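# Per-entry structural report
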Amino acid sequence: MRSETGGWVANAHTLPYRGTAAGGGYSTVGDLQRFASVLISHKFLKADSTELLITGKVKAGGSGKYAYGFED
């Protein structure tokens, strides 16, 4: 992209954000299924670490709880 003065400038600010910390990640259904299978089978983390990761910590509305990106 050219600036008003004719020089080149980055245009990254005009592009949509992807994979942000706010949860804007992109994946395929197959990749999500493989990730879930590896996580639950304790091939990714030890069993106690997996439980710590996925066990709800704070109320998430209704009767559910939220834990590090997972809701139970």
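Conventions adopted
- All residue numbers refer to position in the chain's written sequence, counted from 1.
- Residues qualify for local features only when their pLDDT is at least 70, as the model is predicted, and side-chain atom pairs are given and counted only at 80 or more; totals for whole chains, interfaces and linings, by contrast, use all residues.
- Here the side-chain values reflect all heavy atoms present in the structure, with hydrogen atoms and water set aside.
- Between Lys or Arg on one side and Asp or Glu on the other, a salt bridge is scored when a side-chain nitrogen of the former is within 4 Å of a carboxyl oxygen of the latter.
- Helical segments are the DSSP runs of H or I of at least four residues, strand segments are the runs of E of at least two, and each set is numbered from the N terminus.
- Each residue is assigned to one of three classes by its accessible area relative to the maximum for its type, calculated with a 1.4 Å probe on protein chains only: buried under 20%, partly exposed between the two thresholds, exposed over 50%.
- Pairing of aromatic rings covers Phe, Tyr and Trp, the last counted by its six-membered ring, and requires centre-to-centre distances within 6.5 Å; plane angles under 30 degrees mean stacked, over 60 mean edge-to-face, and any other angle means tilted.
- In this description, contact between two residues means that some pair of their heavy atoms is separated by no more than 4.5 Å.
- Multiplying 1.5 Å by the residue count of a helix minus one yields the expected span of that helix.
- Whether two strands pair depends on DSSP finding at least two bridges between them.

## What about the pattern of salt bridges?
- Per the counting criterion, the structure on display carries one salt bridge.
- Between Asp-31 and Arg-34 there is a salt bridge, and its shortest N-O distance comes to 2.5 Å. One end of the pair, Asp-31, and the other, Arg-34, are both in helix 1 (residues 29–40), three residues apart, so they sit about a helical turn from each other.
- Residue class for Asp-31 comes out partly exposed when judged on its relative accessible area of 37%.

## Observations regarding the packing of aromatic side chains
- Taken as a whole and assessed by the stated rule, the structure comprises one aromatic pair.
- Taken together, a centroid distance of 5.8 Å and an interplanar angle of 70 degrees make the contact between Phe-35 and Phe-44 edge-to-face.

## Observations concerning the side chain of Thr-50
- Turning to its location among the elements, Thr-50 is positioned in helix 2 (residues 47–54).
- With near-sequence residues (within four places) excluded, Thr-50 lies in contact with Leu-39, His-42 and Leu-45.

## Some points on helix 1
- Its 12 residues give helix 1 an end-to-end C-alpha distance of 16 Å, which sits within 8% of 16 Å, the value for a rise of 1.5 Å per residue.
- His-42 sits one or two residues past helix 1 and shows a positive phi near 65 degrees.

## Structural notes on the sheet that holds strand 1 (residues 58–59)
- Strand order across the open sheet formed by three strands is 1-2-3, with antiparallel pairing between neighbours. The outermost strands of the open sheet, each flanked by one partner alone, are strand 1 and strand 3 (70–71).
- Here strand 2 (residues 65–67) pairs with strand 3 via two bridges, running antiparallel. Bridge pairing in strand 3 links Ala-67 to Phe-70.

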